[in-house]
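Coordinates in review
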Amino acid sequence: MPWDVIKLNDGTSIPNIAFGTWTLGNGQQSTDKVDQAISVGFNHIDTAQSYRNEYEAGIAIKESGLDRNDLYITTKYSGLNGLDIETSINNSLNNLGVKYVDLYLIHHPRLAQPDIPTAWKQMEKVKADGLAKSIGVSNFQIADLEILLASAKVKPAANQILLHPYVVGRQTPLIQYAFDNNIAIEAYSVLIPLTHQPGGPVDGPVKDIATRLDVKPEQVLLAWAKAKGVIVVTSSSKKERLEGYLAAGDIDLTPEDVNNIDNAGAIGARRMTARTVIRRAAIAALIVAVIFGICSYMGFLPSMFLLHISQSNALIATVVFFILLALKLYF
Ligand SMILES: NC(=O)c1ccc[n+]([C@@H]2O[C@H](COP(=O)([O-])OP(=O)(O)OC[C@H]3O[C@@H](n4cnc5c(N)ncnc54)[C@H](OP(=O)(O)O)[C@@H]3O)[C@@H](O)[C@H]2O)c1
């Protein structure tokens, strides 16, 4: 099935792929990239106060000549300059040059000040005033959603979260919770296995699937996210890649393909956890060694802490082992 729309809990529909402006910077080149995305066929633009390029996106939107109804625009309350939600949405609308956005999100739970219920009331007012067709959240965990839902008059339509194969295991309960509560999930940074963590276990199945289907690895990852029933928020500075992203909507992965990527992601996640534990142990060992060295040099060690030669050799060997292990993992 090609990229399509997903029905939100408030009756509106959202295109299930978006072009994000986070990494575009600002100025003319930013406008050009949004312009390029719209011209290849993206009709969903995802921006935020904190990306500082709503204005540039707005120029591209205006220059596209598209009818407002033919574009889906998301922006986020990022607490920029300490402004409140009401002031921020009006600033965002001015920047974007539109009368309303389709979706307005609280960028992160820590920005929901003074607390989630109070901030959500202000979001409900944004919707009631017609400044956003839909309201939602981003980076909310289950506990945050529980607090919000306990007092919400309007349910959040969507929660935009980090989702790629190396975090899918830990994000699955959150996705399930959202789906159980009829909240759509938007996935960002789906391409992390290519952009920030290449060389991991996910590379194998992604390459195999890409070869079998004669497509690019990034297309496989986008198709993987789509298969999870989420809205994909991605980006590229390159026209050919953007065309590839849109074409990825036609890739139908088998359940086995999706499982293979999930399983490889779980292996990668376990390795990362093990690395973190070893790194922390190495740092702790280093700190102990330094303290021990300083104390014994200055003669501060009480006799009960003085070690026999064999014990201190063992301590040094353990410390050196952890330091070497940490160095190997880093480089
Ligand atoms: N709500 C939040 O907190 C939050 C956080 C992060 C992001 N987001 C949203 O999500 C959007 C996308 O985020 P993202 O940039 O992290 O998404 P992404 O889709 O994971 O990565 C996009 C990047 O992947 C690169 N890429 C594509 N194929 C590649 C390949 N084969 N090898 C190496 N690099 C490749 C592209 O580089 P080229 O430009 O070179 O093609 C592009 O910069 C953001 O713009 C923003 O709108 C939201």
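Computed from a prediction, not measured in an experiment: that's the story for all the values here.

Reading guide: rules and limits
- All residue numbers here refer to positions counted from 1 along the written sequence of the relevant chain.
- Whole-chain, interface and lining totals are the exception, using all residues; otherwise, since this is a predicted model, local features are given only for residues with pLDDT of at least 70 and side-chain atom pairs are given and counted only at 80 or more.
- UniProt positions are given in the numbering used here, feature names are shortened, and annotations may be inferred rather than shown by experiment.
- Working definition: helices are DSSP H or I runs of at least four residues, strands are E runs of at least two. Numbering for both runs from the N terminus.
- Only the C-beta atom matters for nearness: placed from the backbone, it must lie within 6 Å of the molecule or strand for the residue to count as near.
- Note on residue categories: nonpolar means Ala, Val, Leu, Ile, Met, Phe, Trp, Tyr, Cys or Pro, charged means Asp, Glu, Lys or Arg, and polar means any other residue, Gly included.
- Note on terminology: a nonpolar core is a set of buried residues of type Ala, Val, Leu, Ile, Met, Phe, Trp, Tyr or Cys, with members joined through C-beta atoms within 7 Å.
- Around each residue's C-beta, the other C-beta atoms within 10 Å are counted; 20 or more make the residue buried, 12 or fewer make it exposed, and counts in between make it partly exposed. All C-beta atoms are placed from the backbone.
- Each residue gets a C-beta atom placed from its backbone, and two residues are in contact if those atoms lie within 7 Å.
- Each pair of strands is called paired provided DSSP finds at least two bridges between the two strands.
- For helices, the axis comes from a line fit to the C-alpha atoms of the stretch in contact; other axes are also lines fit to C-alpha atoms, and the angle between any two N-to-C directions lies between 0 and 180 degrees.
- For every domain, the bounds stem from an assignment made automatically or drawn from a database.
- In what follows, roughly perpendicular refers to angles from 65 to 115 degrees, roughly parallel to angles under 35, roughly antiparallel to angles over 145, and oblique to any angle outside these ranges.
- In this scheme the crossing of two helices becomes right-handed for a clockwise turn of the near helix relative to the far one and left-handed for an anticlockwise turn of less than a right angle.
- Classification remark: right-handed applies to a crossover when, strands pointing away from the viewer, the course from the first strand over the helix to the second runs clockwise.

Some remarks on the UniProt feature "domain: NADP-dependent oxidoreductase" (unreviewed entry) in the chain
Taking the UniProt record as the reference, the feature "domain: NADP-dependent oxidoreductase" (unreviewed entry) is found at residues 17-264. Across residues 17-264, helical content stands at 47% and strand content at 16%; the span's end C-alpha atoms are separated by 24 Å.

Some points on the site of the ligand
Around the ligand, the surrounding shell holds 25 residues, and the nearest of these are G20, W22, L191, T234 and S236. Listed by contribution, the elements that provide at least two residues to the shell around the ligand are α7 (192-195), α9 (217-227) and β10 (231-234). Residue contributions to the shell around the ligand peak at three residues, all from α7. Per-class residue counts for the shell around the ligand are eight nonpolar, 13 polar and four charged.

Points about the nonpolar core
Y104, A187, A225 and V232 are the most contacted members of the largest nonpolar core, which has 72 residues in total. The contacts of V232, once residues within four sequence positions are left out, are N16, I17, A187, V190, L222, A225 and K226.

Quick word on the sheet that holds strand β8 (residues 158-162)
In space, the eight strands of this closed barrel follow the order β3-β4-β5-β6-β7-β8-β9-β10, with parallel pairing throughout. With strand direction ignored, the average angle separating the axes of adjacent strands in the sheet is 30°. Where strand β3 (residues 17-20) meets strand β4 (residues 44-46), two bridges bridge the pair, whose relative direction is parallel. Counted as the bridge partner of G20 is D46 from β4.

Notes on the domain arrangement of the chain
Domains assigned within the chain are domain 1 (5-253) and domain 2 (264-330). In this complex, domain 1 contributes ten residues to the contact, which on the side of domain 2 involves seven residues. Secondary structure elements with two or more residues in the side of domain 1 that touches domain 2: α6 (168-180) and α8 (203-213). A breakdown of the residues in the side of domain 1 that touches domain 2 according to their chemical character gives seven nonpolar, three polar and no charged.

Comments concerning the packing of helix α1 (residues 28-40) against helix α2 (residues 54-64)
In the contact formed by α1 and α2, the axes pass within 8 Å of each other and the chain directions differ by 40°. Taken together, the axes of α1 and α2 are oblique relative to one another. Seen from above, α1 lies across α2 with right-handed handedness. Here S30, T31, V34, D35 and I38 of α1 lie close against α2, whose contacting residues are E56, A57, I59, A60, E63 and S64. Of the residues that constitute the contact of α1 with α2, the class distribution is five nonpolar, three polar and three charged.

Topic: unusual backbone geometry
The omega angle of the peptide bond from Q113 to P114 is 0°, so this bond is cis rather than trans. Along the chain, P114 falls in the loop between β6 (101-106) and α4 (116-128). Residues other than glycine seldom take positive phi values, yet N81 does so here, at roughly 55°. Residue position: N81 is located in the loop between β5 (72-77) and α3 (85-96). Of the residues examined, N81 has 9 C-beta atoms within 10 Å and is grouped as exposed. Of note in the backbone geometry, N139 takes a positive phi value of approximately 60° without being a glycine. Tracing the backbone shows N139 in the loop between β7 (132-138) and α5 (142-151).

Examining the environment of G249
Note that G249 resides in the loop between α10 (239-247) and α11 (255-298). Taking the number of C-beta atoms within 10 Å as the measure of exposure, G249 has 18 and is therefore partly exposed. Linking G249 and G27, residues 222 residues apart in sequence, is a C-alpha distance of 31 Å. Not counting residues within four places of it along the chain, the set of residues in contact with G249 comprises P2, W3, I17 and K226.

A closer look at the pairing of β7
Here β7 lies mainly inside the structure; six of its seven residues are buried. The pairing of β6 with β7 spans five bridges and is classified as parallel. Looking at β7, one finds that L105 is bridged to G136. A crossover links β6 with its parallel partner β7, the connecting element being α4, and its sense is right-handed. As defined by bridge partners, β7 adjoins β8 across two bridges and the pair is classed as parallel. Note on β8: the bridge partner recorded for S138 is Q160. Following the backbone out of β7, through α5 and into the adjacent parallel β8, one traces a crossover that is right-handed.

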